[in-house]
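Each chain, written out:
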Number of protein chains: 2
Amino acid sequence: MYIGIDVGGTSIKAGIVDYKGNILYKDTIGTRASLGYEAVREDMITLINKAIQYSKQENYRIDSIGIGVPGIADPQSDNVIYCTNLNWKDAPLGKDLKSRYGLPIYIDNDATVAAIAESVKGITKGSENSVFLTLGTGVGGGIIINRKVYSGTHNKGSEIGHMIIGENFYDCNCGNNGCLETFASATAIVRYTQKLIDEGFLDEEFMEALRSKDGVMDTKFIFDMAKKNNELALKSIDRMVKYLSIGIGNFINILNPDIIAIGGGVSKAGKYLIEKINREFINYVIFKEGSTTEIKLSQLGNDAGIIGAALISEYK
Amino acid sequence: MYIGIDVGGTSIKAGIVDYKGNILYKDTIGTRASLGYEAVREDMITLINKAIQYSKQENYRIDSIGIGVPGIADPQSDNVIYCTNLNWKDAPLGKDLKSRYGLPIYIDNDATVAAIAESVKGITKGSENSVFLTLGTGVGGGIIINRKVYSGTHNKGSEIGHMIIGENFYDCNCGNNGCLETFASATAIVRYTQKLIDEGFLDEEFMEALRSKDGVMDTKFIFDMAKKNNELALKSIDRMVKYLSIGIGNFINILNPDIIAIGGGVSKAGKYLIEKINREFINYVIFKEGSTTEIKLSQLGNDAGIIGAALISEYK
């Protein structure tokens, strides 16, 4: 058995997970990100203590604790190097937990962890090589090669969202222009739609529907309008699909995995999104004949973080 | 011992290579590409027969024959699927040679094969993970992960030259726009320089030097002029370095290898090119602090094809 902790910007989730990826116990708490590293660590410790208590009660043997963080960790020390959303830098999380529990502690990026979960129990189960793309506020990713997580020599790889694939009208948070994230994230879809409106793209149907939603334009709204063939929404979604397909094409031409799985909030557009991608991505694949990579929706949703974190030790 | 065959557009090279990558025997013949697959296959057979004869004379045991081709091969049948420059499609090379020699036959892409050679005996020797980029008429590549060649699930990966990284003024041979190849190949450098001249970039120094070379503008000439700080040449080379660095940045953000090695004709610009890349690429790397990928020149040159082909079986 393993304890898996999924540290997100709004909540920390914890679970006890068996080696097949089944969750046997689950708990959650809000993330007090504004209080800094120590406060969040103490809340994690509370969750871990409760999980250990439960494991004793059930006679589970805990082999290790795995943690998924929205940032990167140092594979040598298992300390967190960066966590931009949590304002962590060089946080000694691995050291702090190791000294307290005497158990192996594994820390990795949340998208990497979700990729592990999908390959154990989700859509990429049984795949030799796969790429997991998470489309949310940003774009993250995890790479599985030969059934193991691949994060590169210095653990700084699989930063898929920052692959430069074109030129864009705004710069990425990272300082560069043209990152996949600025074309294919939820943020990107909303920004491009807003740009069209600001530039005078007149679409009464869209604006009326938006007013009836009190003007809150999110990705779900734009996808819903696109599904109704609204012109403005379609223009925005089709552009997103085009650039996402360029990114997917790049992955196929470089890594040619069995499957590229799409997760994150944007993937809630579901079959509609996948069908659009499937019509588009092949344009960017060099070897079009014969078998090629399949593009599929991820399966696990909210539990991926706990399952993947718990199983880091098995898939590194 | 292994026989290695390097099939190029102008010559076919053959050699006997030991498991350490030392060449013990070498032979070559012109490529009669215009006569089609059978003629080239017969020339390969002549070279293999001579190598086998030599191996008998020296009491070498040949374990397998490996072949590097400028195209892609089917990993199941080891037949050649495409070889654009040789006008081959579905050429049964694996089958033809297997039936004749009763030895295992391994066929792979020439850039993949060069990546193997560099990792056995060249600049990436000892590296766990590396990317080999060959900048010539086109841009090719090979990826080594966990000390093995990585070509993807359907053997259609490592087509690095067709990673889309921006927008360009001309389309790639593959039909897409913005491939790395259209920014960083020898062809790309010459085309962009010509475009500057056609658009009226007046540079008397450049034009006079060009006339003294009978108007033949190749990559070497452009680099030589850039090294003399000629304005037109510098503008062209700096643009190439910028986009090559974007491509390198993408690789680091995705694969974060120990080393990215640069080979091919363009790499003859040597230290001058590497120093320019080293000043530029870090701009496109997300995690700039701490250790990162090193960019280096390849070491083996012309022999890489024979050595790598011979050793395919060991590194797949």
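The shown structure was predicted, so the numbers you read here are calculated from the model rather than taken from an experiment.

Novice: How should the pattern of salt bridges be read in this particular structure?
Specialist: Any two side chains of opposite charge can pair, given that their charged atoms come close. Residue and element names in this part refer to chain A. Under the counting rule described, the total for this entry stands at 30 salt bridges over all chains. Across the pair K213 and D218 runs a salt bridge whose closest N-O atoms are separated by 3.5 Å. Taking the shortest distance from any N to any O, the salt bridge between K276 and D238 comes out at 2.7 Å. Of this pair, K276 sits in helix 9 (residues 270-280) while D238 is found in helix 8 (residues 231-254), placing the two residues 38 residues apart along the sequence. Owing to a relative accessible area of 13%, K276 belongs among the buried residues under this scheme. Through salt bridges with shared partners, one network takes in R41, E42 and D96.

Novice: Please clarify how the sheet that holds strand 10 (residues 139-145) of chain B should be interpreted in this entry.
Specialist: Sheet strands pair by backbone hydrogen bonding; their relative direction is either parallel or antiparallel. All names here are of chain B. Read across the open sheet, the five strands follow the order 11-10-9-12-13; overall the sheet is mixed. The sheet terminates laterally at strand 11 (148-150) and strand 13 (294-297), the two strands that pair on one side only. For this sheet, the mean inter-axis angle between neighbouring strands, taken without regard to orientation, is 25°. In the sheet, strand 10 pairs with strand 11 via three bridges, with the strands oriented antiparallel. Note on strand 11: the bridge partner recorded for I145 is K148. In this fold helix 3 (residues 110-121) packs onto strand 9 (130-135), strand 10 and strand 11, with an angle of close to 50° to the strand it touches most, strand 10.

Novice: So what exactly am I meant to see when it comes to the interface of chain A and chain B here?
Specialist: By a widely used convention, the size of an interface equals the accessible area lost when the partners come together. In this complex, chain A contributes 44 residues to the contact, which on the side of chain B involves 44 residues. Interface of chain A and chain B: buried area, both sides summed, is about 3900 Å²; carbon and sulfur atoms make up 55% of it. Counting the surface chain A buries against chain B, the share from its top three residues, K156(A), I254(A) and F287(A), is 19%. Where chain A meets chain B, there are two salt bridges. Top contributing element to the side of chain A that touches chain B by residue count: helix 8 of chain A, with seven residues. Here the residues of the side of chain A that touches chain B are counted per class, giving 19 nonpolar, 19 polar and six charged.

Novice: What exactly am I supposed to notice about the side chain of D96(B) here?
Specialist: Residues and elements named next belong to chain B. Looking at the secondary structure, you find D96 in helix 2 (residues 93-101). Using a relative accessible area of 18% as the deciding quantity, one classes D96 as buried. Engagement of the side chain of D96 in a polar contact is seen with the side chain of Y37, the distance being 2.7 Å. With residues up to four places along the chain from it excluded, the contact list for D96 reads Y37 and R41.

Novice: For this particular structure, what's the right way to read the relation of the copies chain A and chain B?
Specialist: Each of the two copies of the chain can be brought onto the other by a rotation about an axis and a shift along it. Of the transformation superimposing chain A on chain B, the axial component is 0.0 Å and the angular component is 180°, with the fit at an RMSD of 0.0 Å. The relationship between the two copies is best expressed as a two-fold rotation axis. By residue overlap, the copies meet face to face through one surface: 100% of the interface positions of chain A are interface positions in chain B.

Novice: Help me understand the pairing of strand 13 (residues 294-297) of chain A, please; the structure alone is not making it clear to me.
Specialist: The side chains of a regular strand alternate between the sheet's two faces. All names here are of chain A. Looking at chain direction, strand 12 (residues 259-263) and strand 13 are connected through four bridges and run parallel. Counterpart to I262 in the pairing with strand 13 is L297. In the classification by handedness, the crossover that spans strand 12, the intervening helix 9 and the parallel strand 13 is right-handed.

Novice: How should I be thinking about the domain arrangement of chain A in this particular structure?
Specialist: Residues and elements named next belong to chain A. You can read the domains of chain A as domain 1 (2-118 + 303-315) and domain 2 (126-298). Facing 13 residues of domain 1, the contacting portion of domain 2 comprises 16 residues. Counting each side, the surface lost to burial between domain 1 and domain 2 is near 1100 Å², with a carbon and sulfur contribution of 60%. At the junction of domain 1 and domain 2, the tally comes to zero salt bridges. Our count for the domain 1 to domain 2 interface comes out at three residue pairs in polar contact (both at pLDDT 80 or more). Counting residues per element, the ones that place at least two in the side of domain 1 that touches domain 2 are strand 5 (72-73), strand 8 (105-109), helix 3 (110-121) and helix 11 (312-315). Here the side of domain 1 that touches domain 2 takes six residues from helix 3, the largest share from any one element. Residues of the side of domain 1 that touches domain 2, tallied by class, amount to eight nonpolar, two polar and three charged.

Novice: Quick question: what am I supposed to make of the environment of D63(B) here?
Specialist: All names here are of chain B. Mapped onto the elements, D63 comes out in the loop between helix 1 (37-57) and strand 4 (64-69). Accessibility expressed as a relative area gives 29% for D63, which makes it partly exposed. A sequence separation of 62 residues divides D63 from M1, and the C-alpha atoms of the two residues are 6.0 Å apart. Leave out the neighbours within four places in its chain, and D63 touches M1, Y2, L103 and P104. Within polar-contact distance, the side chain of D63 engages the side chain of R61 at 2.4 Å.

Novice: I'm lost on unusual backbone geometry in this one. Help?
Specialist: With glycine set apart, most residues show a phi of negative sign, and most peptide bonds adopt trans. The phi torsion at R147(A) lies on the positive side, around 65°, for a residue other than glycine. Along the chain, R147(A) turns up in the loop between strand 10 (139-145) and strand 11 (148-150). Given a relative accessible area of 42%, R147(A) falls into the partly exposed group. The phi dihedral of N146(B) falls on the positive side, at around 50°, and the residue is not glycine. Mapped onto the secondary structure, N146(B) falls in the loop between strand 10 and strand 11.

Novice: I'm lost on the nonpolar core in this one. Help?
Specialist: If you look at the biggest cluster of nonpolar residues, it comprises 111 residues, and the most contacted ones within it are F206(A), I248(A), F206(B) and I248(B). The leading source of residues in this core is helix 8 (residues 231-255) of chain B, at 14 residues. If sequence neighbours within four positions are ignored, I248(B) has contacts with L133(B), I260(B), I262(B), I277(B), F281(B) and I295(B).

Novice: Mind showing me how you'd approach the side chain of S151(B) here?
Specialist: Position of S151(B) among the secondary structure elements: in the loop between strand 11 and helix 4 (181-184). By relative accessible area, S151(B) is classed as buried at 7%. Setting aside chain neighbours within four positions, we find S151(B) in contact with N256(A), D108(B), T112(B), K156(B), G157(B) and K316(B).

Novice: When you look at the pairing of strand 2 (residues 11-17) of chain B in this model, what are you seeing that I'm missing?
Specialist: Residue and element names in this part refer to chain B. Among the seven residues in strand 2, six count as buried, and that is most of the element. As paired elements, strand 1 (residues 2-7) and strand 2 share six bridges and run antiparallel to each other. Looking across to strand 2, one finds that I3 is bridged to I16. What sits between strand 1 and strand 2 in their antiparallel hairpin is a turn of three residues. When strand 2 meets strand 3 (residues 23-30), the two strands line up antiparallel, connected through seven bridges. By the bridge assignment, G15 is partnered in strand 3 with K26. Counting the residues between successive antiparallel strands, the hairpin from strand 2 to strand 3 contains five residues, one of them, G21, with a positive phi of roughly 90°.

About the cut-offs
- Residues numbered from 1 in each chain as written.
- Chains lettered and ligands numbered in written order.
- Predicted model: local features only at pLDDT ≥ 70, side-chain atom pairs only at ≥ 80, totals over all residues.
- Heavy atoms only, no water.
- Salt bridge = Lys/Arg side-chain N within 4 Å of Asp/Glu carboxyl O.
- Helix = DSSP H or I, 4+ residues; strand = E, 2+ residues; numbered from the N terminus.
- Buried < 20%, exposed > 50% of the residue type's maximum accessible area, 1.4 Å probe, protein only.
- Pairing = 2+ DSSP bridges.
- Axes fitted to C-alpha atoms, helices over the stretch in contact; angles between N-to-C directions.
- Contact = heavy atoms within 4.5 Å.
- Buried area = accessible area lost by both parts, 1.4 Å probe.
- Nonpolar A, V, L, I, M, F, W, Y, C, P; charged D, E, K, R; others polar.
- Polar contact = N/O pair within 3.5 Å; in protein donor to acceptor, adjacent residues only side chain to side chain.
- Least-squares fit on C-alpha atoms with pLDDT ≥ 70 in both.
- Right-handed = clockwise from strand over helix to strand, strands pointing away.
- Domains from an automatic or database assignment.
- Core = buried A, V, L, I, M, F, W, Y, C linked by side-chain atoms within 4.5 Å.

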